[in-house]
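# Understanding the architecture of this molecule
These are the residues of each chain, in order.
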Amino acid sequence: MASTRRFIIEADGGSRGNPGPAGYGAAVRDGDTGELLAEAAEFIGVATNNVAEYRGLIAGLRAAHAIDPEATVEVRMDSKLVVEQMSGRWKIKHPDMQPLAAEARGIFPRGRVGYQWMPRAQNKHADRLANEAMDAGKAGRQWVAKPQAHAQTPPRQQPQEALPEPLPEAPAAPVGWGAADMGTPTTLVLLRHGETALTPEKRFSGSRGADPELSERGRAQAELVAEALAARGTVQAIVSSPLLRCRQTAQAAADRLGLEVRIEEGLRETDFGTFEGLTFAEAKERFPAELDAWLASADTAPPGGESFTAVARRVSVARDRLLARYPGRTVLVVSHVTPVKTLVRLALGAPPESLFRMELSAASFSAIQYYADGNASLRLLNDTAHLR
């Protein structure tokens with residue numbers, strides 16, 4: 001039987017720089033009483049306003065779906081772009097927006113979600129949540145939900161800006177504290193693929209051109225990884241980058257654990273453009289100005305390649321898909337240096353330059369746990385004990 005419940009989602013996102021440090025906020029209300037049912041907010045690293053707004057929409061829809069997947073939903077946002085695109089009146093031309101819009105459309109069946117634009121002044125709740133998330137990211141922590149005063153007045157009878165304000169903010173708990181009260185987390189066990197012929201030479205090896213296979217040493221590393229995972233016995237699903245070196249590493253574990261490998265396109269390595277196949281010294285010699293510019297800004301891409309900002313966007317989308325698909329489960333995620341470091345960086349709320357301050361060895365394990373309140377906890381980084 002179809003549900004008779006109706007939800008109102010207020011969603012927003014912001015970027016301090018556009019692109020710049022960004023975050024989103026979303027609130028789910030009962031459509032009949034105005035009662036606040038759920039909140040979501042997150043610092044998402046460097047992104048544009050539009051990306052952050054779409055991420056807020058997705059978070060609100062997922063929060064509503066978790067409460068009642070059969071409900072009907074009315075989304076209220078002050079982003080004319082998102083409302084018009086999701087309503088089907090405007091085309092979605094930007095490549096960063098297309099996968100986000102597709103993800104949003106896939107949460108509830110077509111026809112059960114409506115979109116309504118509202119003035120920014122009436123979207124104060126979601127805007128506040130987005131700014132809280134950005135403030136938390138700037139401080140190096142994750143946003144944590146605060147106690148709220150629930151609204152009881154039907155939203156159609158009272159303007160949004162007249163809804164009761166939240167209770168005074170309590171001091172934010174340190175990341176990781178109180179996790180035991182948040183239910184079973186989703187654990188992503190992050191595995192960098194085994195060595196290829198390019199790995200010991202430290203050459204740029206991304207998504208472009210050759211798709212190298214594991215070397216003999218890399219295959220041996222993959223077997224040691226599989227043995228270690230079998231001994232632990234905790235992995236319940238396996239997801240891999242589409243590139244061969246990751247698929248081979250993942251398959252070794254899958255064969256040992258009796259699981260299938262699911263491919264996630266968003267986990268592929270950075271496209272290093274004209275740097276592909278070169279050592280750092282060779283790139284410095286041939287493209288000195290381009291390399292310096294790339295190192296100086298996450299928004300700058302190698303010639304013909306992909307910026308770290310662009311990588312963070314697609315990795316964030318992939319992460320959200322995994323968290324929605326495998327709630328409360330332990331998932332082996334086989335990927336590359338940049339995506340794994342990006343997931344760690346986002347979990348810590350660290351700036352983009354932190355990518356250059358982490359060591360990530362071939363066939364190493366890292367692990368992040370994600371809790372229902374949006375909190376993330378880094379549990380392991382660059383563990384290579386299983387290779388000794």
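Computed from a predicted model, the values in this text were never measured in an experiment. (Residues numbered from 1 in each chain as written. Predicted model: local features only at pLDDT ≥ 70, side-chain atom pairs only at ≥ 80, totals over all residues. Heavy atoms only, no water.)

It is worth spelling out the packing of helix α1 (residues 49-67) against helix α9 (residues 308-325) at this point. Axis separation between α1 and α9 bottoms out at 12 Å; the angle between their running directions is 0°. Taken together, the axes of α1 and α9 lie roughly parallel to each other. Between α1 and α9, the contacting residues are V51, R55 and R62 on the first element and R313, S316, R319, D320 and A324 on the second. For the contact of α1 with α9, the class distribution of residues is 2 nonpolar, 1 polar and 5 charged. (Axes fitted to C-alpha atoms, helices over the stretch in contact; angles between N-to-C directions. Helix = DSSP H or I, 4+ residues; strand = E, 2+ residues; numbered from the N terminus. Parallel < 35°, antiparallel > 145°, perpendicular 65-115°, else oblique. Contact = heavy atoms within 4.5 Å. Nonpolar A, V, L, I, M, F, W, Y, C, P; charged D, E, K, R; others polar.)

Turning next to the pairing of strand β2 (residues 20-30). Most of β2 sits out of view: 10 of its 11 residues are buried. When strand β1 (residues 6-15) meets β2, the two strands line up antiparallel, connected through 9 bridges. Counted as the bridge partner of D12 is G25 from β2. Note: β2 against strand β3 (residues 36-47), 10 bridges, orientation antiparallel. Bridge pairing in β3 places A22 opposite G45. (Buried < 20%, exposed > 50% of the residue type's maximum accessible area, 1.4 Å probe, protein only. Pairing = 2+ DSSP bridges.)

Another point: the confidence of the model for the chain. On average, the chain scores 86 in pLDDT, and the residues at 70 or more come to 89%. Low pLDDT, under 50, characterises residues 148-181; the predicted model gives this stretch 59 contacts beyond four residues in sequence or across chains. (pLDDT = per-residue confidence, 0-100.)

Let us now look at the pattern of salt bridges. Think of it this way: side chains of opposite charge can pair up when their charged atoms draw near. Scanning the entire structure with this criterion turns up 22 salt bridges. One network of salt bridges, in which partners are shared, links E42, R55, R319 and D320. (Salt bridge = Lys/Arg side-chain N within 4 Å of Asp/Glu carboxyl O.)

The backbone of K202 shows a phi angle near 55°, a positive value even though the residue is not glycine. Inspection of the secondary structure assignment puts K202 in the loop between β6 (186-192) and α5 (216-232). Unlike most non-glycine residues, N382 shows phi in positive territory, near 55°.

The next thing to look at is the packing of α5 against helix α6 (residues 244-257). Look at α5 against α6: their axes get within 8 Å of each other, and the N-to-C directions meet at 40°. In this structure, α5 meets α6 at a crossing whose hand is right-handed. Between α5 and α6, the residues in contact are A222, E223, A226, E227, L229 and A230 and T249, A252, A253, R256 and L257, respectively. (Left-handed = near helix turned anticlockwise from the far one by under 90°.)

This part takes up a nonpolar patch on the surface. Taken together, the side chains of F280, L295 and F356 present a nonpolar region at the surface, about 270 Å² in accessible area. With respect to the element layout, L295 can be found in helix α8 (residues 288-296). (Patch = residues over 30% accessible without salt bridge, like charges linked within 9 Å, V, L, I, M, F, W, Y side chains within 5 Å. Areas by Shrake-Rupley, 256 points an atom, 1.4 Å probe, with all protein chains shown as cover.)

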